[in-house]
Amino acid sequence: MTSRPTLRLSRLLARRRPFLLAVAAFLLGLWGMWIGLSASEAADMEPARLLAEAPPAAGAALPSQAIPWPLNPQGELLAHRLLRQRFDRLLASAGDSEAALAVARDTLALEAQTELGPMPAAEVLRIWDAYLNLQRRRWQVPVDLQRISTWDEALAERQRVRRELLGEEWAQAFYGEDERLLRSWMDDQRAGQAQP
């Protein structure tokens, strides 16, 4: 016979499985690991994919051009997660050598200049450079997987650095949903631990 607390925990875990997967992916990213993720549009909707800090592994199936530029109705660059997805595709196809990253940046510059014009292209490159800096970042706050309290500090550090490097608008566009999902999961875990 299954005890009530065990049954309640099983139900909670079953309902929270997507969040658990998301946290696992996020924590891998916290440690700066470049984890392999597929880059399909369907995968972009899964919480585990949304919370990954790192871009997909090399060899993504579709080119970065398959992701449209995020533009408003006037054709101006819009702060949107689509640009992060485009960057991730480009990083996945480039690999991580300095020479390959330089070629990827040149490719991005040419695409943006040709398709968007000089001013938006300059903004795209500024955001690219900041995003690449985030991917290379060595985080100061250690994470203890057994203590959820350490996740708060780690998330706070990442939020602060993302906003410093990308700016508030772009950090929110790139990571806002990821941060909300993780915060919600952490709050749920704390509420579950507080219940008798």
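All residue numbers refer to position in the chain's written sequence, counted from 1. In keeping with the model being predicted, local features are shown solely for residues with a pLDDT of at least 70 and side-chain atom pairs are shown and tallied solely at 80 or more, while totals for entire chains, interfaces and linings include all residues. As a convention, hydrogens and water are excluded, and side-chain values are obtained from all of the structure's heavy atoms.

**Student:** Where do I start with the environment of histidine 80 in this structure?
**Tutor:** Put simply, DSSP H or I for four residues or longer makes a helix, DSSP E for two residues or longer makes a strand, and each gets a number counted from the N terminus. If you trace the backbone, histidine 80 turns up in the loop between helix H3 (47-50) and helix H4 (81-94). Type-normalised accessible area, obtained with a 1.4 Å probe on protein chains alone, sets the label of each residue: buried when under 20%, exposed when over 50%, and partly exposed for intermediate values. For histidine 80, a relative accessible area of 36% gives the class partly exposed.

**Student:** Before we go on, may I ask you to explain the packing of H4 against helix H6 (residues 118-136) in this structure?
**Tutor:** Helix packing geometry: the angle between the two helix axes and the distance between the axes. It is at 11 Å that the axes of H4 and H6 come closest, and there the two elements cross at 65 degrees. For the pair H4 and H6, the crossing hand works out as right-handed. Here Leu83, Arg84, Phe87, Asp88, Leu90 and Leu91 of H4 lie close against H6, whose contacting residues are Val124, Ile127, Trp128, Tyr131, Leu132 and Gln135. Inter-axis angles, ranging from 0 to 180 degrees, are taken between N-to-C directions of lines fitted to C-alpha atoms, where helices are fitted over the stretch in contact. In this scheme the handedness of a crossing depends on how the near helix is turned from the far one: anticlockwise by less than a right angle means left-handed, clockwise means right-handed. We call two residues in contact whenever any of their non-hydrogen atoms come within 4.5 Å of each other.

**Student:** Please explain the environment of glutamate 157 as it appears in this structure.
**Tutor:** Inspection of the secondary structure assignment puts glutamate 157 in helix H7 (residues 149-166). Residue class for glutamate 157 comes out buried when judged on its relative accessible area of 4%. The spatial distance from the C-alpha of glutamate 157 to the C-alpha of glutamine 140 is 8.0 Å, given a sequence separation of 17 residues. Apart from residues no more than four positions distant in its own chain, glutamate 157 is found in contact with Trp139, Gln140 and Val141. Counted as a polar contact is a pair of N or O atoms within 3.5 Å, where, for protein atoms, one must be capable of donating a hydrogen and the other of accepting one, and residues adjacent in sequence contribute only when both atoms are in side chains. Among the polar contacts made by the side chain of glutamate 157, one reaches the main-chain amide nitrogen of valine 141 at a distance of 3.1 Å.

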